[in-house]
Amino acid sequence: MNEQTLAIIKPDAVKKNLIGKIIQRIEEEGFTITAMKLLHLTKEEAQGFYVVHKERPFYDGLTDFMSSGRIVAMTLERERAISTWRKVMGATDPAKAEPGTIRRLFGFSVERNATHGSDAPDTAAWEIDYFFKE
Ligand code: DAT
Ligand code: MG
């Protein structure tokens with residue numbers, strides 16, 4: 001009963017040359033990468049991806065950051081992929097994330113937190129479509 005989730009290596013982590021380390025961790029955690037793209041979002045594309053947060057005070061800063069450099073978007077597959085990937089990433093705020101999690105290891109701030117992961121089956125399906133629809 002495998003599941004898919006959408007993962008993103010965000011511009012801060014790409015700029016710090018952490019793509020390899022993060023992908024190594026993904027593979028070690030038993031995920032199969034089933035699709036992958038290196039891309040540079042426009043501001044409008046970042047706004048579309050995070051539209052659920054559009055009323056939030058951090059929306060403008062978040063979408064500026066997400067369009068500030070290259071990202072890696074991936075679909076990850078394994079059993080309980082959604083919750084497992086969120087656990088491997090750690091809490092949104094790197095300072096509050098468990099030791100050993102990706103955000104604790106590599107995140108810089110609540111905004112520049114190295115990676116993204118879908119939070120539920122419906123958002124995972126929507127986010128996978130956002131990047132990988134035909
Ligand atoms: P997550 O990425 O853990 O699912 P989220 O969906 O609540 O967190 O927020 C999406 C992104 O928005 C998050 O990765 C970083 C940014 N963000 C969230 N809360 C923030 C805040 N208080 N200040 C600045 N950026 C924030
Ligand atoms: Mg979220």
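Above this text you will find the structure in question.
Below: a short report on this structure.

Describing the overall build of the protein chain
And step 1. Counting its regular elements, the protein chain contains 7 helices and 4 strands.
And step 2. Taken from the N to the C terminus, the helices and strands of the protein chain come in the order β-α-α-β-α-α-β-α-α-β-α.
And step 3. Overall size of the protein chain, expressed as C-alpha extent along the three principal axes, is 35 × 35 × 25 Å.
And step 4. Within the protein chain, the proportion of its 134 residues that are buried is 43%.
And step 5. Restricting the contact set of the protein chain to residue pairs at least 6 apart, pairs at least 24 apart contribute 74%.
And step 6. About 7400 Å² of surface is accessible on the protein chain, with carbon and sulfur atoms providing 52% of the total.
And step 7. A gap of 5 Å separates the mean positions of the 19 positive and 20 negative side-chain charges of the protein chain.

Describing the sheet that holds strand β3 (residues 71-79)
And step 1. Overall, antiparallel pairing links the 4 strands, which are arranged β2-β3-β1-β4 in an open sheet. Of all the strands in the sheet, just β2 (32-39) and β4 (115-117) have a single pairing partner and so form its edges. Each strand axis lies, on average, 20° off the axis of its neighbour in the sheet, ignoring direction.
And step 2. Taken together, the 8 bridges between strand β1 (residues 2-9) and β3 define a ladder with antiparallel strand orientation. For I9, the partnering residue across the bridge sits in β3 and is V72.
And step 3. Helix α2 (residues 19-28) contacts β1, β2, β3 and β4 of the sheet and is inclined by roughly 165° relative to β2.

With respect to the pattern of salt bridges
And step 1. Applying the stated criterion across every chain, the model contains 8 salt bridges.
And step 2. Between R112 and E111 there is a salt bridge, with its nearest N and O atoms 3.5 Å apart.
And step 3. By sharing partners, the salt bridges in this structure join K43, D60 and D64 into a single network.

Quick word on helix α7 (residues 121-132)
Along an α-helix, residues three or four positions apart point the same way, because every turn accommodates 3.6 residues.
And step 1. For α7, with 12 residues, the first-to-last C-alpha span of 16 Å sits near the 16 Å given by 1.5 Å per residue.
And step 2. Those residues of α7 that are buried lie in contact with β1, β2, α3 (43-49), β3, α5 (81-89) and β4.

Quick look at the layout of surface pockets
And step 1. Volume-wise, the largest pocket comes out at about 550 Å³.
And step 2. Taken together, 22 residues make up the lining of the largest pocket; nearest its centre are Y50, H53, F58, L62 and H116.
And step 3. Broken down by secondary-structure element, the contributors of at least two residues to the lining of the largest pocket are β4 and α7.
And step 4. When its residues are assigned to classes, the lining of the largest pocket shows 8 nonpolar, 7 polar and 7 charged.

Here we look at the site of ligand 1
And step 1. Neighbouring ligand 1 are the residues K10, Y50, H53, F58, L62, R86, T92, R103, V110, E111 and N113.
And step 2. R86 places a polar side-chain atom, nitrogen or oxygen, 2.9 Å from an oxygen atom of ligand 1.
And step 3. Counting atoms within 2 Å of the grid points, the majority share of ligand 1 lands in the largest pocket.
And step 4. Of the residues belonging to the shell around ligand 1, the class tally is 4 nonpolar, 3 polar and 4 charged.

Criteria and thresholds
- Residues numbered from 1 in each chain as written.
- Chains lettered and ligands numbered in written order.
- Predicted model: local features only at pLDDT ≥ 70, side-chain atom pairs only at ≥ 80, totals over all residues.
- Heavy atoms only, no water.
- Helix = DSSP H or I, 4+ residues; strand = E, 2+ residues; numbered from the N terminus.
- Buried < 20%, exposed > 50% of the residue type's maximum accessible area, 1.4 Å probe, protein only.
- Contact = heavy atoms within 4.5 Å.
- Areas by Shrake-Rupley, 256 points an atom, 1.4 Å probe, with all protein chains shown as cover.
- Lys, Arg positive; Asp, Glu negative; His and termini not counted.
- Charge placed at Lys NZ, Arg CZ, Asp CG, Glu CD.
- Pairing = 2+ DSSP bridges.
- Axes fitted to C-alpha atoms, helices over the stretch in contact; angles between N-to-C directions.
- Salt bridge = Lys/Arg side-chain N within 4 Å of Asp/Glu carboxyl O.
- Expected span 1.5 Å × (residues − 1).
- 1 Å grid on protein atoms, 1.4 Å probe; cavity = no way out; pocket = protein on both sides within 12 Å on 5 of 7 lines; lining within 4 Å.
- Points joined across faces, edges and corners; volume = space filled by probe spheres on them.
- Nonpolar A, V, L, I, M, F, W, Y, C, P; charged D, E, K, R; others polar.
- Near = heavy atom within 4 Å.
- Polar contact = N/O pair within 3.5 Å; in protein donor to acceptor, adjacent residues only side chain to side chain.
- Sits in = over half its atoms within 2 Å of the grid points.

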